[in-house]
Amino acid sequence: MFAAPAGTRDIAVPRAAFAALLLFAFLCPMTSWTIARGALSYADFALVLSLLLMLPAIFSGRLLPFVPFFLVATGTCMLFIGLVSAEMEDNLIGVLDCMKLVVAMMVTPLVVAWGLQDRPFTRAYWLLSAWLAGATFSALVGISSRHGISLLGFHDIHAAAGQRIFGLTYHSTSLGYCSAIALAAGLLLTLGTRSWLLRLLGLGSIGILLYAIHLSGSRASVIGALSVLLPFMLFLLTRLHNLRLRIALFLGSAGVIGLIVVLALGGLPIDDPGSALGRLLGRNSSVQYSNSVREILHDYAWKGFFESPVFGRGFHNIRIAHNYTLQLLHSGGVLALFVVLAWALALLHSYLQTRGTVLRLDRPLREQLLWVTLTALFMGWFAHALTQTFITDRNGYFWVTLILALGFHVRRLQLAHSPAVIARQ
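Counting of residues starts from 1 at the beginning of each chain's written sequence and follows it residue by residue. Under the rules for a predicted model, residues below a pLDDT of 70 receive no local features and side-chain atom pairs below 80 are neither given nor counted, while totals for whole chains, interfaces and linings still include all residues. The basis for every side-chain value is the complete set of non-hydrogen atoms in the structure, without hydrogens or water.

Asker: Sorry, what's going on with the overall build of the chain here?
Answerer: From N to C terminus, the chain includes 15 helices and 2 strands. Counting across all 425 residues of the chain, residues that qualify as buried make up 52%. Whether two residues are in contact is decided by their heavy atoms, any of which lying within 4.5 Å being enough. Considering only contacts within the chain whose residues lie at least 6 apart along the sequence, 74% involve residues at least 24 apart. What sets the accessible areas is the Shrake-Rupley method with a 1.4 Å probe; for residues, cover comes only from the shown protein chains. Of the accessible surface of the chain, which amounts to about 18900 Å², a share of 70% is contributed by carbon and sulfur atoms. The numbering of helices and of strands both runs from the N terminus, where a helix is a DSSP run of H or I of at least 4 residues and a strand a run of E of at least 2. Buried residues are those whose accessible area, probed at 1.4 Å on protein chains only, stays under 20% of the maximum for their type, while exposed residues exceed 50% and partly exposed ones sit between those limits.

Asker: Would you take a moment to explain empty space enclosed by the protein for this structure?
Answerer: Empty space left among the atoms is revealed by rolling a probe the size of a water molecule over them. The rule is simple: put a 1 Å grid over the protein atoms alone, call a set of points where a 1.4 Å probe fits but cannot get out a cavity, call an open set with protein on both sides within 12 Å along at least five of seven lines a pocket, and count a residue as lining if it has an atom within 4 Å of a point. Grid points are joined across faces, edges and corners, and a volume is the space filled by probe spheres set on the points. Within this structure, the stated rule accounts for 3 cavities of 30 Å³ or more. The calculated volume of the second largest cavity comes to roughly 50 Å³. If you go around the second largest cavity, the residues you meet are Tyr177, Tyr324, Trp381, His384, Ala385, Gln388, Thr389, Phe390 and Ile391. The biggest single contributor to the lining of the second largest cavity is helix α13 (residues 365-385), with 3 residues. Residues that form the lining of the second largest cavity fall into these classes: 6 nonpolar, 3 polar and no charged. For this classification, Asp, Glu, Lys and Arg are treated as charged, while Ala, Val, Leu, Ile, Met, Phe, Trp, Tyr, Cys and Pro are nonpolar and the rest, including Gly, are polar.

Asker: When you look at the pattern of salt bridges in this model, what are you seeing that I'm missing?
Answerer: Two side chains of opposite charge can pair, provided their charged atoms sit close to one another. Here a salt bridge means any side-chain nitrogen of Lys or Arg lying within 4 Å of a carboxyl oxygen belonging to Asp or Glu. Tallying each qualifying case throughout the model produces 2 salt bridges. Here Lys100 makes a salt bridge to Asp97, at a shortest N to O gap of 3.5 Å. Of this pair, Lys100 and Asp97 are both found in helix α4 (residues 93-116), 3 residues apart, which corresponds to roughly one turn of the helix. For Lys100, a relative accessible area of 14% gives the class buried. Among the residues examined, Asp97 registers a relative accessible area of 13% and is labelled buried. For Glu307, the salt bridge identified is with Arg313, shortest N-O distance 2.2 Å. Given the relative accessible area of 47%, Glu307 is considered partly exposed. The exposure class assigned to Arg313 is partly exposed, which follows from its relative accessible area of 24%.

Asker: How do you make sense of a nonpolar patch on the surface when you look at a structure like this?
Answerer: Patch criteria: residues need more than 30% relative accessible area and no salt bridge. Like-charged residues are merged within 9 Å; nonpolar side chains of Val, Leu, Ile, Met, Phe, Trp and Tyr are merged within 5 Å. A cluster of nonpolar side chains, Val48, Leu52 and Leu55, forms an exposed patch at the surface whose accessible area comes to about 230 Å². Tracing the backbone through its elements, the reader meets Leu52 in helix α2 (residues 42-60).

Asker: Please explain the packing of aromatic side chains as it appears in this structure.
Answerer: Given two aromatic rings, their pairing is described by the distance between the two centres and the angle made by the two planes. Between 30 and 60 degrees the pair is tilted, below 30 it is stacked and above 60 it is edge-to-face, where a pair is any two Phe, Tyr or Trp rings, Trp via its six-membered ring, whose centres lie within 6.5 Å. Taken as a whole and judged by the stated rule, the model has 12 aromatic pairs. Between Trp131 and Phe398, the aromatic rings sit 5.1 Å apart at their centres with planes inclined by 45°, giving tilted as the arrangement. On the criterion of sequence distance, the pair formed by Trp131 in helix α5 (residues 120-146) and Phe398 in helix α14 (residues 398-416) is long-range, its members being 267 residues apart. In this pair, the class of Trp131 matches that of Phe398, namely buried.

Asker: It is not clear to me how helix α8 (residues 219-237) should be interpreted in this structure. Could you clarify?
Answerer: Every α-helix carries 3.6 residues per turn, so stepping three or four residues along brings you back to the same face. By definition here, a helix of n residues has an expected span of 1.5 Å times n minus one. Taking 1.5 Å of rise per residue, 19 residues should cover 27 Å, and α8 covers 27 Å from first to last C-alpha, within 8% of that figure. All of the buried residues in α8 are Arg219, Ala220, Ser221, Val222, Gly224, Ala225, Ser227, Val228, Pro231, Phe232, Phe235 and Leu236.

Asker: Mind showing me how you'd approach the nonpolar core here?
Answerer: A general trend in soluble globular proteins is that nonpolar side chains are found buried together. Met78, Leu101, Tyr324, Trp343, Tyr397 and Leu404 are the most contacted members of the largest nonpolar core, which has 94 residues in total. Considering each element in turn, this core owes the most residues, 14 residues, to α4. Here Leu404 is in contact with Pro68, Phe70, Leu71, Pro109, Leu110, Ala113 and Leu347, once residues within four sequence places are set aside. Note on terminology: a nonpolar core comprises buried Ala, Val, Leu, Ile, Met, Phe, Trp, Tyr and Cys residues joined through side-chain atoms within 4.5 Å.

So, in structure tokens, the structure goes:
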């Protein structure tokens, strides 16, 4: 049995349960696995890297995996709702879709957080940098294919003239979504490192990701990108007395201007079907068709919810509506929505508690930026959750990983400085 830190409400994880959770996180059928291309998503890569980081600690006996009580409670309740709704609808596929949701929201972030808990700040930088590299490469494949170039043998077959690019993802909206979320990692690398080479690489990745968002044609990703940029801009505006941050703000502004020049030279008119800005402004016919389809799906979801408001119509319907709340109501009823609200409130409490502790401890700038990144990741995910169907996609829940990992770390700091521990020493 692994022991949880004394004085916490976390639950210790037996070795058998620890191994089962690892297998569950890896083997549960996931929509984020791109079977057609045989490629790993960023969340899959995070799982692999976290396991590698955990192996030395596992064999040395230093790893102390434990599960916050709220994850156990909300995860168990969600699986129970999934079983009941699947039985009511006589559709066992709904159980698998409910498992996908639990793995995306809870299991994957927990396993990745275990891999970060030994050195959460340093390893989070590693993981986010690697994630940024993968997202940038995926974006570059779509961009280069759009301009008739094959990148290291990779080619986006959907990137024809006037069409929305996919990159290495399974859909154009997925490319835009992943690129918008990865902007937070690019901004962290640009602002949080001392190496000018890494800063330039981060800034270059931001320009590539923004261009990929434009070519993906995803309206939600434009809003998501703005949501990701907002926390960093507010952070910079409150710290403009710092010369290094003023230089970073100048570089960021220059990057945005450079992006506008690239878009102008790219010859992509704003009313092109593949233009995200054009679709956001309603400048082409594809928007009308997309809006009409969404209205039909939303009406269908509301009808299903009113037919079974308590347990919903089964989790096999979870990706029909293009709205996070409506997806929960349609698939799991008010009970599923209540469980997710409890999960979100527990995460919010942990976020505010750990953020306050870091500010009181006067942590270095790069650690404060990690909290800004966490906020940006959540805001980007939330902006997409209003209009997209990525509820079971693990790529969107990395902000949960950071909350858990930093929460583990801060609680250890608090316990290490508690009077009881000091007295025993």
